[in-house]
Structures are given as C-alpha cells and as structure tokens.
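Here are the chains, one letter per residue:
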Amino acid sequence: MQGYNCIMIYDKTGEKLLFCRRQKEPYKGKYNFVGGKIEQGESGFAAAYRELEEETGITGGQVVLRHMMDFTYYNQGCYVEVYAGRLKEEVVLRREKHPLEFLNVKGEDFFSLDRFAGEGNIGHMVQQVTDYGEGIKEEQA
C-alpha cells in the first residue's frame, strides 16, 4: 500500500491554518493541506518533515509535528497519515508548486466542498484538533 501524508500547520497563535491552493487535479482550485508521498523505507515522521520543508520551506526547527490520525483507503490501495503542529515562530513561506495561504480557523467552513479538497475530510481533521488536540510526538509513538 502506498503511503501519503497530510500536514496541518497552525501559526504561532493557533488562530490560522496553512493551506495550499491546488493548481492541478485532483481538487484543482481548492484549498488542501500540504503533504505528499511517503517513500519506501521512510518513516512517517521523516516523510512529513521532508514534505513540509519541500512544499513550504518550514523546517523541523520551526515546528514540532504530532501524529494525529490515519485514513486507510483499501479500494484505492493507499493510506494517509495526518500530522499537526504549531509554528514556534513567524516564518517566510517558500512555495514549491501550489500557492500557500494561512486561513483563519474561526469563521471558516472547512466542510465546504466548494472551497476545500477531501470530501469533508478537511473539516473532520480541523474539528478533531479543536476537540482533542494535535496528537502525539514522535518519541511518544
């Protein structure tokens, strides 16, 4: 099964959440979390930090990622590991392919299928962090 990651990055205050605006299908024009493919032999945490830096310029020194949840899609032969973290400092974003934007957490309908990718999964993930926290750190896993 091919692994992927999805990375939720909150700003230092926790009031804004980082998204990329998809420039290609699937979900062209919609907001999605940054993330990508987990390479064979690569740990989930290593892949998440690598993808985060490749797509945004944010390094492991600027954020501590926590493993929050996983989704397994048996009919598609893949799984998605979801990570969340809050920035320790202000950052200058460096986009790879898709434009990056912080959106306000309050007042945004993350379940909107017109604005957000993932058939409602974005809203579900945001609500999980709101209700239960960001997950576990690598040394706790």
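Predicted model, so just to flag it, every value in this text is computed and none were measured. (Residues numbered from 1 in each chain as written. Predicted model: local features only at pLDDT ≥ 70, side-chain atom pairs only at ≥ 80, totals over all residues. Heavy atoms only, no water.)

Peer 1: Break down unusual backbone geometry for me, citing the residues and quoting the values.
Peer 2: Negative phi characterises most residues that are not glycine, and trans characterises most peptide bonds. Backbone torsion omega between Glu25 and Pro26 reads 0 degrees, so that peptide bond is classified as cis. As for its placement among the helices and strands, Pro26 is situated in the loop between β2 (16–21) and β3 (31–32). Here the phi dihedral of Glu119 falls at roughly 50 degrees; this positive angle occurs in a residue that is not glycine. Along the polypeptide, Glu119 turns up in the loop between β7 (100–104) and α2 (121–132). Note on Glu119: relative accessible area 58%, which makes it exposed. (Helix = DSSP H or I, 4+ residues; strand = E, 2+ residues; numbered from the N terminus. Buried < 20%, exposed > 50% of the residue type's maximum accessible area, 1.4 Å probe, protein only.)

Peer 1: For the nonpolar core, give the residues involved together with the corresponding values.
Peer 2: Counting residues in each nonpolar core, the largest one holds 21 residues, and the members touching the most others are Met8, Phe19, Phe33, Val82 and Met125. For this core, the elements supplying multiple residues, two or more each, are β1 (2–10), β2, β5 (66–73), β6 (78–86) and α2. In terms of residues, this core owes the most to one element, α2, which gives four residues. One finds Val34, Leu65, Leu87 and Val91 within the second-largest nonpolar core, a separate group that totals 15 residues. (Core = buried A, V, L, I, M, F, W, Y, C linked by side-chain atoms within 4.5 Å.)

Peer 1: For the side chain of Gln62, give the residues involved together with the corresponding values.
Peer 2: Relative to the helices and strands, Gln62 resides in the loop between α1 (44–56) and β5. Among the polar contacts made by the side chain of Gln62, one reaches the side chain of Glu89 at a distance of 3.2 Å. Beyond its immediate chain neighbours, meaning those up to four positions away, Gln62 contacts Gly57, Arg86, Leu87, Lys88, Glu89 and Val91. (Polar contact = N/O pair within 3.5 Å; in protein donor to acceptor, adjacent residues only side chain to side chain. Contact = heavy atoms within 4.5 Å.)

Peer 1: Help me get a handle on α1, residues and values and all.
Peer 2: Compared with an ideal rise of 1.5 Å per residue, which puts 13 residues at 18 Å, α1 spans 18 Å between its outermost C-alpha atoms and is within 8% of the ideal. Considered for burial, the residues of α1 that qualify are Gly44, Phe45, Ala47, Ala48, Glu51, Leu52, Glu55 and Thr56. Around the axis of α1, the buried residues are gathered within 160 degrees of arc, so they sit on the same side. Looking at the buried positions of α1, the neighbouring elements they touch are β1, β2, β4 (34–38), β5, β6 and β7. Immediately downstream of α1, the backbone of Gly57 shows phi near 85 degrees, a positive value. (Expected span 1.5 Å × (residues − 1). Arc of directions from axis to C-beta.)

Peer 1: Quick one: what's the story with the packing of aromatic side chains, residue by residue and with numbers?
Peer 2: Going through the model one piece at a time under the given rule, you end up with eight aromatic pairs. Here the aromatic residues Phe19, Tyr31, Phe33, Phe110 and Phe116 are joined through ring pairs into a cluster of three or more. The cationic tip of Arg21 hangs over the ring face of Tyr31; the distance from NZ or CZ to the ring centre is 4.4 Å. (Phe/Tyr/Trp six-rings, centres within 6.5 Å; stacked < 30°, edge-to-face > 60°. Lys NZ or Arg CZ within 6 Å of the ring centre and 35° of its normal.)

Peer 1: Account for the pattern of salt bridges, with residues named and values stated.
Peer 2: Counted under the stated rule, the structure contains four salt bridges. Between Arg50 and Glu51 there is a salt bridge whose closest N-O contact spans 3.1 Å. Residue Glu54 is joined to Arg50 by a salt bridge in which the shortest nitrogen-to-oxygen separation is 3.3 Å. You can see Glu54 and its partner Arg50 sitting in helix α1, four residues apart, about one turn around the helix. Look at Glu54 and you get partly exposed, because its relative accessible area is 34%. (Salt bridge = Lys/Arg side-chain N within 4 Å of Asp/Glu carboxyl O.)

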